[in-house]
Amino acid sequence: MAEEELVRVQFYEPDVGYENLWASRTSRSDLYRIESVPFFVYGIALHDVVLAKPDDRGILTFLEVAERSGNNTLRARSDELVNNANLRARLTTVLTNSGCTVEEHRSRLFGINVPPEVPLKSVIDSLNSLGVSWEYGHPAELNDG
């Protein structure tokens, strides 16, 4: 998908702050399909369809999830990731080889999309075996696969 076809949808959580996620337009003017893995906000996963409308400043703002994609979001972070390029590369390789999508934020935080067909337990086991701290970013719909 060409970058010019994407728009930013702003999410806000009091404990987290603001995060902008890339989204593609749908056939309905107020529904958008999320095209990036969330790093900070909770309850959103890659390819969820969300309702969003411009606020009084014209910023496209998230209102609610209209349709779940079935994907799960995990986040991996570790102090060791910052200083260890080999660990970052190994983490990315292991996760992408298992069918996950991985996005990296400043070498210290990984947003991980786990598709419904990928057993969540195997991804968690991989993270644990690499000694990387992780959390659920989208705990509402877990796929134990």
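Preceding this paragraph is the structure being described.
Residues numbered from 1 in each chain as written. Predicted model: local features only at pLDDT ≥ 70, side-chain atom pairs only at ≥ 80, totals over all residues. Heavy atoms only, no water.

(A) Quick peek at the overall build of the protein. Per the secondary structure count, the protein includes three helices and nine strands. In the protein, the succession of helices and strands from N to C terminus is β-β-β-β-β-β-α-α-β-β-α-β. For 145 residues, the compact-globule formula gives about 15 Å, and the C-alpha radius of gyration of the protein, at 16 Å, lands near that figure. When the 145 residues of the protein are sorted by exposure, 43% land in the buried category. Put simply, of all contacts in the protein between residues at least 6 apart along the chain, 49% involve residues at least 24 apart. Just so you have it, the protein exposes about 7900 Å², and 46% of that area is on carbon and sulfur atoms. Seen as two clouds, the 14 positive and the 22 negative side-chain charges of the protein have centres 3 Å apart. (Helix = DSSP H or I, 4+ residues; strand = E, 2+ residues; numbered from the N terminus. Rg over C-alpha atoms; globule rule 2.2 N^0.38 Å. Buried < 20%, exposed > 50% of the residue type's maximum accessible area, 1.4 Å probe, protein only. Contact = heavy atoms within 4.5 Å. Areas by Shrake-Rupley, 256 points an atom, 1.4 Å probe, with all protein chains shown as cover. Lys, Arg positive; Asp, Glu negative; His and termini not counted. Charge placed at Lys NZ, Arg CZ, Asp CG, Glu CD.)

(B) Fine view of the packing of aromatic side chains. Applying the stated criterion across every chain yields a total of four aromatic pairs. Look at Tyr 12 and Tyr 18: their rings are 4.6 Å apart centre to centre, the planes differ by 45 degrees, and that puts the pair in the tilted class. According to the relative accessible area criterion, Tyr 18 is exposed, its value standing at 54%. Note on Trp 134 and Tyr 136: the rings are 5.1 Å apart at their centroids and 90 degrees apart in plane angle, and the pair reads as edge-to-face. Since its relative accessible area comes to 25%, Trp 134 is described here as partly exposed. Given the relative accessible area of 29%, Tyr 136 is considered partly exposed. Geometry around Tyr 42 places Arg 75 over its ring, the cationic atom sitting 4.7 Å from the centre. (Phe/Tyr/Trp six-rings, centres within 6.5 Å; stacked < 30°, edge-to-face > 60°. Lys NZ or Arg CZ within 6 Å of the ring centre and 35° of its normal.)

(C) Representation of the environment of Tyr 18 in the model. Looking at the element boundaries, Tyr 18 is found in strand β2 (residues 17-25). Sequence spacing of Tyr 18 and Ser 36 is 18 residues, and the spatial spacing of their C-alpha atoms is 15 Å. Residue contacts for Tyr 18: discarding those within four places in its chain leaves Gln 10, Phe 11 and Tyr 12.

(D) Fine view of unusual backbone geometry. Positive phi, close to 75 degrees, is recorded for His 47, a residue that is not glycine. By relative accessible area, which is 26% here, His 47 ends up partly exposed.

(E) Region of the structure containing a nonpolar patch on the surface. Where nonpolar side chains cluster on the molecular surface, the patch consists of Val 16, Phe 40 and Tyr 42 and spans about 230 Å² of accessible area. Checked against the element boundaries, Phe 40 lands in the loop between β3 (31-34) and β4 (49-54). On the basis of relative accessibility, which here comes to 33%, the residue Phe 40 falls in the partly exposed class. (Patch = residues over 30% accessible without salt bridge, like charges linked within 9 Å, V, L, I, M, F, W, Y side chains within 5 Å. Salt bridge = Lys/Arg side-chain N within 4 Å of Asp/Glu carboxyl O.)

(F) Looking closely at helix α3 (residues 120-129). Among all positions in α3, only Leu 120, Val 123, Ile 124 and Leu 127 are buried. The buried residues of α3 occupy an angular sector of 100 degrees when projected down its axis, which confines them to one face. Projecting away from the buried face of α3 at angles above 90 degrees are the exposed residues Lys 121 and Ser 129. Structurally, α3 contributes buried residues whose contacts are with β6 (72-77), α2 (85-97), β8 (109-114) and β9 (133-136). Immediately downstream of α3, the backbone of Gly 131 shows phi near 75 degrees, a positive value. (Arc of directions from axis to C-beta.)

(G) The arrangement of the pairing of β2 in detail. In terms of strand pairing, strand β1 (residues 6-13) meets β2 through eight bridges, oriented antiparallel. The residue of β2 that forms the bridge with Gln 10 is Asn 20. Between β1 and β2, which pair antiparallel one after the other, the connecting turn spans three residues. Where β2 meets β3, three bridges bridge the pair, whose relative direction is antiparallel. Note that in β3 the partner of Ala 23 across the bridge is Ile 34. The antiparallel pairing of β2 with β3 creates a hairpin that spans five residues between the two strands. (Pairing = 2+ DSSP bridges.)

So, to be careful, I would describe these as geometric facts and stop short of saying anything about function.
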